[in-house]
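A structural walkthrough
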Amino acid sequence: MTNQIDAIAKDAIEQLAAPGMMVMAIKDGQVIFEKAYGSHTYDKKQANSIYDIYDLASISKIAGTTPVVMHLQENNIIHLDSTMGHYLWQAKNSNKANITLRTVLLHEAGFTPFIPFYKNLKPGDLQTTASATHQVKVADNAYLKNNYYRDVMWPEMLNSTVKPIGNYVYSDISMYVMKEVSEHETSTPMQDYVQEILYQPIGMKTAGYLPRDRFNKNQIVPTQQDTAFRKVLLQGYVHDEGAAMAGGVAGHAGLFASANDLAIYGQLLLNRGEYGGVRYFRPETIDLFTSKQSKNKSPWLGI
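Calculation criteria
- Chains are numbered independently. Their residues run from 1 in the order of the written sequence.
- Local features in this predicted model are restricted to residues of pLDDT 70 or higher, and side-chain atom pairs are both shown and tallied only at a pLDDT of 80 or more, whereas totals for entire chains, interfaces and linings draw on every residue.
- Only hydrogens and water are set aside; all other atoms, that is, all heavy atoms of the structure, feed into the side-chain values.
- Every helix listed is a DSSP run of H or I at least four residues long, and every strand listed is a run of E at least two residues long, numbered separately from the N terminus.
- Our radius of gyration looks at C-alpha atoms and nothing else; its globule reference is 2.2 Å times the residue count to the power 0.38.
- Whether a residue is buried, partly exposed or exposed follows from its accessible area with a 1.4 Å probe, protein chains only, as a fraction of its type maximum: under 20%, in between, or over 50%, in that order.
- Here, residues are in contact when the closest pair of their heavy atoms is within 4.5 Å.
- Positive residues here are Lys and Arg, negative ones are Asp and Glu, while His and the chain termini are left out of the count.
- The atoms used to mark charge sites are NZ of Lys, CZ of Arg, CG of Asp and CD of Glu.
- Any two strands are treated as partners once DSSP identifies two or more bridges connecting them.

Glancing now at the overall build of the protein. Broken down by element type, the protein carries ten helices and eleven strands. In terms of overall dimensions, the protein is globule-like: its C-alpha atoms have a radius of gyration of 20 Å, near the 19 Å expected for 303 residues. Its C-alpha atoms give the protein principal-axis dimensions of roughly 55 × 50 × 35 Å. The buried share of the protein, taken over its 303 residues, is 49%. For the protein, restricting intrachain contacts to residue pairs at least 6 apart in sequence, the fraction spanning at least 24 positions comes to 60%. Across the protein, the mean location of the 28 positive side-chain charges is 4 Å away from that of the 29 negative side-chain charges.

Here's what the structure looks like:
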């Protein structure tokens, strides 16, 4: 097995599919393979390490937002068949007022699939230095106008069109919504709440949002030379443009972690809510969120 994995990794790096990668395999609760390959960037200045931290992209939905939703659901703080209008006052008078959280999680709410917010920026919204009016850091030397998410992005999502409910249409708006619901019900920023209920107790030492606030820059693998929006190498700032503009913390993106921390979360799910002799979720909660909930393409809640 080792030789096969080595060969695939070597080929991918030689073909410039990626400058490097991390491979980890766990079977029956035991790590059977763990190896880093290549470098952080194509200039090969820094070799990859098994301790490196990566932008988890859409895995943020299942490893960041979903455990918060599971916790709130099993503690009867939220109910999946209650509506957006019930939890969010901004949604009460919108076309989304009667859409249930279950429908949102299944991507069957009829939301617009994707809104390219960064393409709608006006001159002056983004600048290269921080100021009293521009303090939302979206990358090195890139600062967004204050409250852009609150004043522009969230209202645009709330006012976006809704197609007939019931069809599977994958949309980032779904997890923007679930973050809003979670923070409304807990009165706590989601990035703090998930640390409190899961990451810190279970030993996920790198998992979290805004990694540049917590770790050395060199421990974080760059994701992209951004030529369209921020015009810099993205290292420790979320690749997803909308999540960056929301301050680096969003329901659909923004989570960073090492492979080991992601493996801990995966094992927790496989163990039906228990890890290291400690129970974090009831088995029925894990079963609910990992079992097929719809006749449509979407198989799980929050995926």
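One ladder, built from three bridges, connects strand β5 (residues 136-139) with strand β6 (residues 142-144); its direction is antiparallel. Bridge pairing in β6 links Ala139 to Ala142. Between β5 and β6, which follow one another and run antiparallel, lie two residues, and Asn141 among them has a positive phi close to 60°.

Bringing the sheet that holds β6 into the picture now. Across the sheet, three strands lie side by side as β4-β6-β5; this open sheet has antiparallel pairing. The open sheet has two edge strands, β4 (126-127) and β5, and neither has a second partner. Pairing between β4 and β6: two bridges, direction antiparallel. Looking across to β6, one finds that Leu126 is bridged to Leu144.

Residue placement: Asn48 occurs in the loop between β2 (30-38) and β3 (54-55). Contact partners of Asn48, with chain neighbours within four places excluded, come to Gly20, Met21, Ala36, Tyr37, Gly38, Ser39, His40, Tyr54 and Val221.

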